[in-house]
Protein chains: 2
Amino acid sequence: MPDTWISPERVLMGPGPSNIHPRVLRAMAQQTIGHLDPHFLVLMDRVGEGLRHLFQTRNPVTLAISGTGMSGMEACLVNLVEPGDRVVVGVHGYFGERLVDLAARVGGEVTRVEVEWGRALDPAALIDAVRRVRPALVACVHAETSTGVLQPVEEIAAAAREAGALMLLDTVTSLGGVEVRIDDWGVDAAYSGTQKCVGCPSGLAPVTFSERAMERVRRRSTRVPSFYFDLALLSQYWGTERIYHHTAPANMLFGLNEALDMIAAEGLEVRYARHQRNARALRAGLQAMGLRLFADEAYWLPSLTTVCIPEGVNDLPVRQALLRDWNLEIGGGLGPVRGRVWRIGLMGHTSSPANVLYALHGLHSVLAGLGVSLPDGLAAAAQALEASA
Amino acid sequence: MPDTWISPERVLMGPGPSNIHPRVLRAMAQQTIGHLDPHFLVLMDRVGEGLRHLFQTRNPVTLAISGTGMSGMEACLVNLVEPGDRVVVGVHGYFGERLVDLAARVGGEVTRVEVEWGRALDPAALIDAVRRVRPALVACVHAETSTGVLQPVEEIAAAAREAGALMLLDTVTSLGGVEVRIDDWGVDAAYSGTQKCVGCPSGLAPVTFSERAMERVRRRSTRVPSFYFDLALLSQYWGTERIYHHTAPANMLFGLNEALDMIAAEGLEVRYARHQRNARALRAGLQAMGLRLFADEAYWLPSLTTVCIPEGVNDLPVRQALLRDWNLEIGGGLGPVRGRVWRIGLMGHTSSPANVLYALHGLHSVLAGLGVSLPDGLAAAAQALEASA
């Protein structure tokens, strides 16, 4: 038999997963429990409450899908789109493209409203498309993990509602690190993952469905083409009926519950401010090094910073050296920006001053080792940290 | 904020989940890791190898779906069935019914071949249906979790192959506790869960697809209606291409890898013998108490024993007392046998002589407390344990 496999304990500053607090890891290591145990039902209720707080919603149907963030996207689309439904998707990065792909797979007739990567969607263009197409569903990404852009959504959601459409929001890279206000914004359905700003390993997908969205699900003329993601069934499992649907991934929920407890203890505003402060310092440091930020300044995303790879520098050797010599993971670019940007995450437990300084120092050192001599970013980052302390 | 939630540490002898060995729980509590980290790719390869050993297959496409066992069923059906495809499903319990439901959801034209709950499917009836219907797919459950029946599958798989159909097998309650020989039996696709005999918490679904099955997937005339479960994409993520598909649930895979290591160290034959020995002792004890076993004697399932609830005894108060006073979970009946049977699992780490004696004693005591005085089963169980030591 081969030797035991041991996790190398990285500093995880890619686009997710982020590092997990020991409290959450310990919670996950408790003995597992049956999915109909009275204690487990208490846990499900707690997780529902914690997620409602995080999403800032009163939606009764707020639960964790038993899959990764991507399964959350799929769960929303298989329930909200029927074959032939018109769907307007705002595309400003890789995950907007995924929304298009998945909406088409379930038979949606998709209208794309696009903008160049690195910029936010123009609400006017989306509103125009919504008024023209009269879709059943409007969907876009709140925090584009591929570009580091934070999308304002209130205007778009209002236009969707005015046109009688449902509004679906991807909050995978925002939830838990950046303000998300489902009810105030008029969002009907949203999904996320646990492994970025929520502070729990990958494996669950928080979703929330408004009463309007559930009404749409109940009035479908075709069956939801998925049993596993059927929200009508899942809401009976998570709701008071407790009708068995599948054997819940109990230990993942132990972790999520603990992460939600930690979020409640920290406070949402304090948590968002922490993500902002550390990202500001990282940005200040990168700019002091002479590096150019990729995302539109007006829409920068506190949980994920995209930085342009300097002219003449190869992406992969830098990231490999960071991993090998500094035990530090950062992300490369996806699709059209592959080899052109790095993506540096400061999410959840990873978002700390220590990691900001460590990453800046590691990057500086690795670039120097490759013969690229840049100014040092540490002083600028430290100054930014102190200014907002 | 409410108090911290703490798992009550049950003895889990229901139909799953089963108790998890501390080694596996500790492995899951390691710091998480990125899904493209070179160390993680090593882990994926190890898990693939471990699953091939467990399934007794050489199928390159052998991987863990990022969802619970139920998602494994769905993953197999969305990939292998196209709208209008004829599917023959053997139904001898609740999970056979689920196969019918899911095959119909993805557009399959389903022919059911049924048998009374508690009995095994008659291969002749299935073979007859296969020859008559000429289906694209034949599917049945190897170990029916609702009835405790172990289904022989070789003849059925041979008939499927002869008719040009693929054979799909549900191994949720057999894999890791009862012999499963995918290649020798001529099974084309199979799925399982991790939380029963495999010894890892719920949250992953091992699947294996033969080359014939993958050929069918590649030659589909319609797109797989699910992105999350698209085996062509998943096999590129788990295979040498490593094309990003979703952020793998790393900590669940830490646990599965450790559980697979433990299985390899124990040895499959020894592990199957352990499950047999403990189940035999439980059955001997229950029979000595004067209780009647539910499943057909010729097809009893070593991982799950079904026992008829004695005349005049109410199901729920007994199970509640076992949980409350003995910290012991057993399962009730599903569907038509609700209130008529108990389901007692001895799976994975739970399958031990200590648990056999504990459950017999607890059940005896609880029944006595409710005024149902039965003979003691301990001596018979101990004798059975010694006879096969």
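Definitions and cut-offs
- Within every chain, residues take consecutive numbers counted from 1 along the sequence as written.
- Throughout, the order in which chains and ligands are written sets their labels, letters from A for the former and numbers from 1 for the latter.
- Note on the predicted model: pLDDT of at least 70 is required for a residue's local features to be given, and 80 or more for side-chain atom pairs to be given and counted; whole-chain, interface and lining totals, by contrast, use all residues.
- In this comparison the copies share one frame, found by least squares on the C-alpha atoms of residues holding pLDDT of at least 70 in both.
- By definition, residue pairs are in contact when their C-beta atoms, positioned from the backbone, come within 7 Å.
- Residue ranges assigned to each domain were obtained from an automatic or database domain assignment.
- The nonpolar class holds Ala, Val, Leu, Ile, Met, Phe, Trp, Tyr, Cys and Pro. Asp, Glu, Lys and Arg form the charged class, and all remaining residues, Gly among them, are polar.
- Joining buried Ala, Val, Leu, Ile, Met, Phe, Trp, Tyr and Cys residues through C-beta atoms within 7 Å gives a set, and that set is a nonpolar core.
- The burial label depends on the number of other C-beta atoms within 10 Å of a residue's C-beta. Counts of 20 or more mean buried, 12 or fewer mean exposed, and intermediate counts mean partly exposed, with C-beta atoms placed from the backbone.
- Secondary structure elements follow DSSP: runs of H or I no shorter than four residues count as helices, runs of E no shorter than two count as strands, and numbering proceeds from the N terminus.
- Between N-to-C directions, angles cover 0 to 180 degrees, with each direction set by a line fitted to C-alpha atoms, over the stretch in contact for helices.
- In what follows, roughly perpendicular refers to angles from 65 to 115 degrees, roughly parallel to angles under 35, roughly antiparallel to angles over 145, and oblique to any angle outside these ranges.
- The hand of a helix crossing depends on one turn: near helix anticlockwise from the far one by less than a right angle means left-handed, and clockwise means right-handed.
- Only strands joined by at least two bridges in the DSSP assignment are considered to pair.
- Picture the helix axis, draw a direction to every C-beta atom, and the arc is the one those directions span.

Asks: Please set out the relation of the copies chain A and chain B residue by residue, giving values where relevant.
Replies: Mapping chain A onto chain B leaves a residual RMSD of 0.0 Å; the transformation is a rotation of 180° accompanied by 0.0 Å of translation along its axis. Taken together, the rotation and translation describe the operation of a two-fold axis. Closest to the rotation axis within chain A is the C-alpha of Gly-67 of chain A, separated from it by 2.5 Å. The fraction of interface residues of chain A whose copies in chain B are also interface residues reaches 100%, indicating that both copies meet through the same surface.

Asks: Got a sec to walk through the domain arrangement of chain A? Specific residues and values, please.
Replies: Residue and element names in this part refer to chain A. Looking at the assigned domains, one finds that chain A contains domain 1 (22-265) and domain 2 (268-387). The C-alpha centroid of domain 2 is placed 28 Å from the C-alpha centroid of domain 1. Residue-level contacts link 23 residues of domain 1 with 23 residues of domain 2. Per-class residue counts for the side of domain 1 that touches domain 2 are 10 nonpolar, 10 polar and 3 charged.

Asks: Explain the nonpolar core to me, and be specific about the residues and the numbers.
Replies: Core analysis: the largest hydrophobic core is formed by 268 residues, its most contacted members being Ala-103 of chain A together with Ala-103 of chain B. Leave out the neighbours within four places in its chain, and Ala-103 of chain B touches Leu-77, Val-81, Val-87, Val-89, Gly-108, Val-110 and Ala-139 of chain B.

Asks: Any chance you could break down the interface of chain A and chain B for me, citing the residues and the numbers?
Replies: Counting residues at the interface gives 62 residues for chain A and 62 residues for chain B. Going through the elements one at a time, α1 (22-28), α2 (38-55), α3 (69-80), α4 (94-105) and α10 (250-266) of chain A are the ones with two or more residues in the side of chain A that touches chain B. Considering every element that reaches the side of chain A that touches chain B, the biggest residue donor is α10 of chain A, with 8 residues.

Asks: Explain the packing of α2 of chain A against α10 of chain A residue by residue, including any values.
Replies: Helix-helix packing is characterised by the crossing angle of the two axes and by the distance between the axes. All names here are of chain A. The interhelical angle for the contact between α2 and α10, taken along N-to-C directions, is 45°, at an axis separation of 9 Å. Our classification of the angle between α2 and α10 gives oblique. Considering the relative orientation of α2 and α10, their crossing is left-handed. Contact residues: α2 offers Phe-40, Leu-43, Arg-46, Val-47, Gly-50, Leu-51, His-53 and Leu-54, while α10 offers Ala-250, Leu-253, Leu-256, Asn-257, Leu-260, Ile-263 and Ala-264. In terms of residue class, the contact of α2 with α10 is built from 11 nonpolar, 3 polar and 1 charged.

Asks: Describe the pairing of strand β5 (residues 137-141) of chain A, and please don't skip the residues or the numbers.
Replies: All names here are of chain A. For β5, a buried count of 5 out of 5 residues is recorded, marking the element as mostly surrounded by other parts of the structure. Residues Leu-137, Ala-139 and Val-141 line one face of β5 and the alternating positions Val-138 and Cys-140 line the opposite face, and both faces are buried. Two elements, strand β3 (residues 86-91) and β5, share 3 bridges in a ladder whose sense is parallel. Following the sheet pairing, Val-87 is matched in β5 by Leu-137. Of the strand pairs in this sheet, β5 and strand β8 (residues 166-170) are connected by 5 bridges, and their pairing is parallel. Pairing of Val-141 across the sheet is with Asp-170, part of β8.

Asks: Could you give me a rundown of helix α6 (residues 154-162) of chain B, with the residues and numbers involved?
Replies: Residues and elements named next belong to chain B. Within α6 the residues assigned to the buried category are Ile-156, Ala-157, Ala-159 and Ala-160. All buried residues of α6 project into a common sector of 160° when viewed along the axis, lining one side. With its phi angle positive at about 80°, Gly-164 sits one or two positions after the end of α6.

Asks: Tell me what's going on with the environment of Val-141 of chain B, and back it up with residues and numbers.
Replies: By the element assignment, Val-141 of chain B lies in strand β5 (residues 137-141). Each C-alpha atom of the pair Val-141 of chain B and Tyr-94 of chain B lies 9.7 Å from the other, and the pair is 47 residues apart in sequence.

Asks: Which residues make up the pairing of strand β13 (residues 341-345) of chain A, and what values do they have?
Replies: Remember that side chains alternate between the two faces of the sheet whenever the strand is regular. All names here are of chain A. The element β13 is extensively covered by neighbouring structure, given that 5 of its 5 residues are classed as buried. Pairing between strand β11 (residues 304-308) and β13: 5 bridges, direction antiparallel. Among the inter-strand pairings, Thr-306 is bridged to a residue of β13, identified as Arg-343. Relative to β13, strand β12 (residues 328-332) runs antiparallel, the two sharing 2 bridges. Residue pairing in the sheet places Gly-332 in a bridge with Trp-342 of β13.

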